[in-house]
Amino acid sequence: MSRFWSPVVRSLSPYVPGEQPKQDGIIKLNTNENPYPPSPHVLTAINAATDRLRLYPDPRASALRETIAAHHNVAAEEVFVGNGSDEVLAHTFQALLKHDAPLLFPDITYSFYPVYCRLYGVSHEEVPLDAAMRVQITDYRRPCSTILLSNPNAPTGISLPRKTIEALVTEHPDQLVVIDEAYVDFGAESAVPLIARYGNLLVIQTLSKSRALAGLRVGFAIGQRPLIEALERVKDSFNSYPLDCLAIAGAVASIKDDAWFHDTRQRVIATREALVRALSELGFEVLPSLANFVFARHPNCRGAELAAGLRQRGVLVRHFQKPRIDDFLRITVGTDDQCGRLIALLRDLV
Ligand SMILES: *Cc1c(COP(=O)(O)O)cnc(C)c1O
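Residues numbered from 1 in each chain as written. Predicted model: local features only at pLDDT ≥ 70, side-chain atom pairs only at ≥ 80, totals over all residues. Heavy atoms only, no water.

1. Observations regarding the site of the ligand
Surveying the vicinity of the ligand reveals the residues Gly84, Ser85, Asp86, Tyr110, Ser150, Asp180, Ala182, Tyr183, Thr206, Ser208, Lys209 and Arg217. The contact in question runs from an oxygen atom of the ligand to an N or O atom on the side chain of Tyr183, over 2.5 Å. Protein chains shield 93% of the accessible area of the ligand, which is 390 Å² for the free molecule. Counting residues per element, the shell around the ligand draws most heavily on helix H4 (residues 84-96), at 3 residues. Across the shell around the ligand, the residue classes tally to 3 nonpolar, 5 polar and 4 charged. (Near = heavy atom within 4 Å. Polar contact = N/O pair within 3.5 Å; in protein donor to acceptor, adjacent residues only side chain to side chain. Areas by Shrake-Rupley, 256 points an atom, 1.4 Å probe, with all protein chains shown as cover. Helix = DSSP H or I, 4+ residues; strand = E, 2+ residues; numbered from the N terminus. Nonpolar A, V, L, I, M, F, W, Y, C, P; charged D, E, K, R; others polar.)

This is the structure we're talking about:
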């Protein structure tokens, strides 16, 4: 604390990211990274783009927006890109979520949402997940300006089908619905096809998880033009060049490589299903996940103790010291070998 701090800085409670260990040999199943390297075309494209490092990048990132638009069957003007979807989310909070009526999101969801509420002075209410840790859209029938859902939800992994998202959007014609689809590519249904019909829907995705590019920092939003324009106004009042030329080139190459995408997704999904079976056999209760992680607890073991035991043995998983979920572990789906090692250790620990 210093007397030079702006008052808002005193009131912040910053997000704490999962640990990035310095030592080698740690099995990292704590931050939902992809266990496979990105498409080899990404590296080629980044190498070629180094020629342009002397120049400022395209402030509109047109090549990337057009590539995303073609992939998702929307117009390039309906795409906004940012430095990771965290930045896209941050701009969304500032551009679209700050109103008199509160923003609604689940009590258990991505813990960055309340952090942005503080930073941008957005009033919000948390809507409890039901006893099965599911979002019930009928619980959102209350006064609000916006509804924000992560779908699949983090850290539960549970997702709503597109028709349920559509019901939510139609039930709230005067509210904005924002769907954070960071994990949608691992088997859930995207709400992007609804964009053409609903002006009150914004969908946010990232290349960090399903494209194995967490280190490149690329995320995007898709919505009708007026919503995208609001995000552009904030972005152009903040940083003209959020994406550098290497990130733009790498992201374009990644989205164009359908074969890599299809193959690695299928591998992650197959490993997830095996991991769920193995955890269940050890007595874990595992929530039904359509993400690249599972959320599980054991009836006889404290979550904190299991996480600490795994950590001592060189495996990192995520544990949240939070009511309702403090006995759960959020385990990223790694390779078959990594998950096998995890299961072997858990067999000793439980
Ligand atoms: C990982 C994650 C993000 C952020 O992704 P980046 O694009 O890496 O910033 C956003 N939302 C949720 C729910 C996430 O889990």
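There's more to say after this.
2. Points about the domain arrangement of the protein chain
Along its sequence, the protein chain is carved into domain 1 (17-37 + 259-349) and domain 2 (40-256). With centres defined by C-alpha atoms, the gap from domain 1 to domain 2 works out at 25 Å. Contacts between domain 1 and domain 2 engage 26 residues on the former and 27 residues on the latter. Contact between domain 1 and domain 2 buries roughly 2,200 Å² in total, counting both sides, with carbon and sulfur atoms accounting for 62%. Taken as a group, Phe261, Leu290 and Arg324 account for 30% of the area that domain 1 buries against domain 2, more than any other trio of residues on that side. Here domain 1 is connected to domain 2 by 1 salt bridge. Ionic pairing is found between Arg324 and Asp107, a salt bridge with its closest N-O pair at 3.0 Å. Across the domain 1-domain 2 interface, the total number found is 9 residue pairs in polar contact (both at pLDDT 80 or more). (Domains from an automatic or database assignment. Contact = heavy atoms within 4.5 Å. Buried area = accessible area lost by both parts, 1.4 Å probe. Salt bridge = Lys/Arg side-chain N within 4 Å of Asp/Glu carboxyl O.)

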